[in-house]
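Working through the structure, step by step
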Amino acid sequence: VDLPLLGPTHLFLPSYGVLFALGVTLAWIWFGRRARTLGFADEKIFNLTFYSLLGGIIGAKLLLVLVDWRDYVADPSLLLGTIRTAGVLVGGVAGGAIVFVLYARSNGLPLIRLGDAVVAPLALAQSLGRFGCLSAGCCYGVPVDAGHPFAVTFDHPQAIAAGRFPGQPLLAVQLIEALVDLLLVVLLTILWRRRLRPEGTVMWAYVLLYSMARLIIEFYRGDVDRGLWFGDQLSTSQLFAIAGLLVGGVMLIRGRLSGGATGAS
């Protein structure tokens, strides 16, 4: 496009960014509607969501830098590139959760009740984000045969996987995780509508189930950018997933022992 003062300019809208923004927007609207039905003021919920999103973005980028710290120490100019990268998803979830807790507590909001309400919208945002990963060729899977039902070959020169595995069919783990997240959306929505007791059951179910799914899916990832540990046996995300399994499982058992999980109309 020939723009005034700028001359010929290439304008483009990356599909990854579109899907990420769509996921965030839909999750924000959905959580806002849920919070409204619970009787919370729009302003506080808006601020809670905004600051949690900001914390999530910072957390994702911070964990990316921590995982690849040697590269950034060797070339600090690479830090500028983090502006255009989403970062590490589990870092985003952790960063957003920390801000969510801090803001809710400092403003007298019932943390656990809102936690139950936010996890299904969060899973929806994650699902659309994974569709974005599929479109960008990042977070790709291990090499597979061309006849595999979840095989995908990335040919576009800007796709990360295309530069590392040119012409090689890879397992579409992005699609698999996106579908798993959508299943989580359905399950968590059903649980939330049943108003399970004690409060927190839905939130801890998300922590447990997402951690379980992520722990398994990570074994089929083919990229190493997310960081590998213990002789390349476990990824950074799997370490978080193991912690999530332990915390989610303990809290669900604790809830059952303390009050049970009965439905309420």
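The structure displayed is predicted, hence computed values, not measured ones. (Residues numbered from 1 in each chain as written. Predicted model: local features only at pLDDT ≥ 70, side-chain atom pairs only at ≥ 80, totals over all residues. Heavy atoms only, no water.)

1. Observations regarding the nonpolar core
Counting 28 residues, the largest nonpolar core has Phe31, Ile45, Leu48, Leu109, Leu114 and Leu188 as the members making the most contacts within it. If you list the elements that add at least two residues to this core, you get helix H1 (15-37), helix H2 (42-67), helix H4 (89-106), helix H5 (111-136), helix H7 (173-193) and helix H8 (201-217). Of all the elements, H5 adds the most residues to this core, at seven residues. Beyond its immediate chain neighbours, meaning those up to four positions away, Phe31 contacts Ile45, Leu48, Thr49, Phe100, Leu114, Ala117, Val118 and Pro121. (Core = buried A, V, L, I, M, F, W, Y, C linked by side-chain atoms within 4.5 Å. Buried < 20%, exposed > 50% of the residue type's maximum accessible area, 1.4 Å probe, protein only. Helix = DSSP H or I, 4+ residues; strand = E, 2+ residues; numbered from the N terminus. Contact = heavy atoms within 4.5 Å.)

2. Some points on the packing of H5 against H7
Helix-helix packing is characterised by the crossing angle of the two axes and by the distance between the axes. Taken N-terminus to C-terminus, the directions of H5 and H7 make an angle of 165°; their axes are 8 Å apart at the nearest point. The pairing of H5 with H7 is recorded here as roughly antiparallel in orientation. Handedness of the H5/H7 crossing: left-handed. Within the contact between the two elements, H5 uses Asp116, Ala117, Val119, Ala120, Ala123, Leu124, Gln126, Ser127, Arg130, Phe131, Cys133 and Leu134 and H7 uses Gln174, Leu175, Glu177, Ala178, Asp181, Leu182, Leu184, Val185, Leu188, Thr189 and Trp192. (Axes fitted to C-alpha atoms, helices over the stretch in contact; angles between N-to-C directions. Parallel < 35°, antiparallel > 145°, perpendicular 65-115°, else oblique. Left-handed = near helix turned anticlockwise from the far one by under 90°.)

3. What to know about the packing of H5 against H8
Their axes nearest at 7 Å, the elements H5 and H8 cross at an angle of 30°. By the angle between their axes, H5 is roughly parallel relative to H8. Mapping the contact onto sequence places Ile112, Gly115, Asp116, Val119, Leu122, Ala123, Gln126 and Arg130 in H5 and Thr201, Val202, Met203, Tyr206, Tyr210 and Arg214 in H8. The residue inventory of the contact of H5 with H8, partitioned by class, reads eight nonpolar, three polar and three charged. (Nonpolar A, V, L, I, M, F, W, Y, C, P; charged D, E, K, R; others polar.)

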